[in-house]
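Below, each chain spelled out in residue letters.
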Amino acid sequence: PFLEDHQFKTGSLTLRGKTFSGILLNYDIYNQQLLMKFRNKTGADNLIVISDAWLENFSLNGMTFEILPLDDTVRRIIQIIGSGTFRIGYMWQKDLEPDSFHGARYYSFSSPKKEMFIISADQMIRYRDNRTFCAALGESKRKVVREYLDNERIRIRRIDDQTMADVMELINDQVEK
């Protein structure tokens, strides 16, 4: 149920304003939990679920995640891309599905799926493709971003994180003007 694989990787996390680095972490996207692996005094490996009440953010494999509210009470772990007034959020999930052959009694997890959001100070706007991405932007930014996406032949649905960070930098530069 993990984002990438079952291997724990070195990352960092922030709990109640204090950052801890060099920690073995893995992100369980099915249960929306961050797991930490550590070795106790006797040399045995232990796993602990990091409380989402204290967790503010974490970094893993070059990706940054924050705990953000979706509704009044529901908080989810969301991958954040970019910095500034506008950022991108990817909400990852996996589904538990029955195996596809007839008479199967076993279940397996689907491939990771993501919901994509534009995050500003007061709202999260869901988008699916170039059209809905540009529509979610204000009138002043829409034309510039549309031209940039067309000229660079960028498809928002299949974009890598670095290119998306570049797009967000363009959008945030437009805000400052």
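Residues numbered from 1 in each chain as written. Predicted model: local features only at pLDDT ≥ 70, side-chain atom pairs only at ≥ 80, totals over all residues. Heavy atoms only, no water.

So, on to the packing of aromatic side chains. For the coordinates displayed, the defined rule picks out seven aromatic pairs. Taking the centre distance of 4.7 Å and the plane angle of 10° together, the rings of phenylalanine 58 and phenylalanine 65 count as stacked. The exposure class of phenylalanine 58 is buried, given its relative accessible area of 1%. Accessibility expressed as a relative area gives 1% for phenylalanine 65, which makes it buried. Joined through ring pairs, the aromatic side chains of Tyr27, Phe58 and Phe65 make up one cluster. A cation over a ring is seen here: lysine 114 above tyrosine 90, with NZ or CZ 4.0 Å from the ring centre. (Phe/Tyr/Trp six-rings, centres within 6.5 Å; stacked < 30°, edge-to-face > 60°. Buried < 20%, exposed > 50% of the residue type's maximum accessible area, 1.4 Å probe, protein only. Lys NZ or Arg CZ within 6 Å of the ring centre and 35° of its normal.)

Let us look at a negative patch on the surface. Among the surface-exposed residues, Asp160, Asp161, Asp166, Glu169 and Asp173 lie close enough to one another that they form a single negatively charged patch. As for its position among the elements, aspartate 161 is in helix H3 (residues 161-176). Looking at aspartate 161, the relative accessible area reads 32%, which means it is partly exposed. (Patch = residues over 30% accessible without salt bridge, like charges linked within 9 Å, V, L, I, M, F, W, Y side chains within 5 Å. Areas by Shrake-Rupley, 256 points an atom, 1.4 Å probe, with all protein chains shown as cover. Salt bridge = Lys/Arg side-chain N within 4 Å of Asp/Glu carboxyl O. Lys, Arg positive; Asp, Glu negative; His and termini not counted. Charge placed at Lys NZ, Arg CZ, Asp CG, Glu CD. Helix = DSSP H or I, 4+ residues; strand = E, 2+ residues; numbered from the N terminus.)

A few words now on the environment of glycine 11. Looking at the secondary structure, you find glycine 11 in strand S1 (residues 9-15). Looking at glycine 11, the relative accessible area reads 10%, which means it is buried. Once residues within four sequence positions are removed from consideration, glycine 11 is found in contact with Phe20, Ser21, Gly22, Ile23, Leu25 and Ser59. (Contact = heavy atoms within 4.5 Å.)

Attention now goes to the nonpolar core. Counting 37 residues, the largest nonpolar core has Phe58, Ile88, Tyr90, Tyr127, Phe133 and Met164 as its most contacted members. For methionine 164, the contacting residues outside a window of four places in its chain are Ile81, Ile88, Tyr90, Tyr127, Phe133, Ile156 and Ile159. Counting residues in hydrophobic clusters, the runner-up holds six residues, among them Leu68, Ile78, Ile80 and Met91. (Core = buried A, V, L, I, M, F, W, Y, C linked by side-chain atoms within 4.5 Å.)

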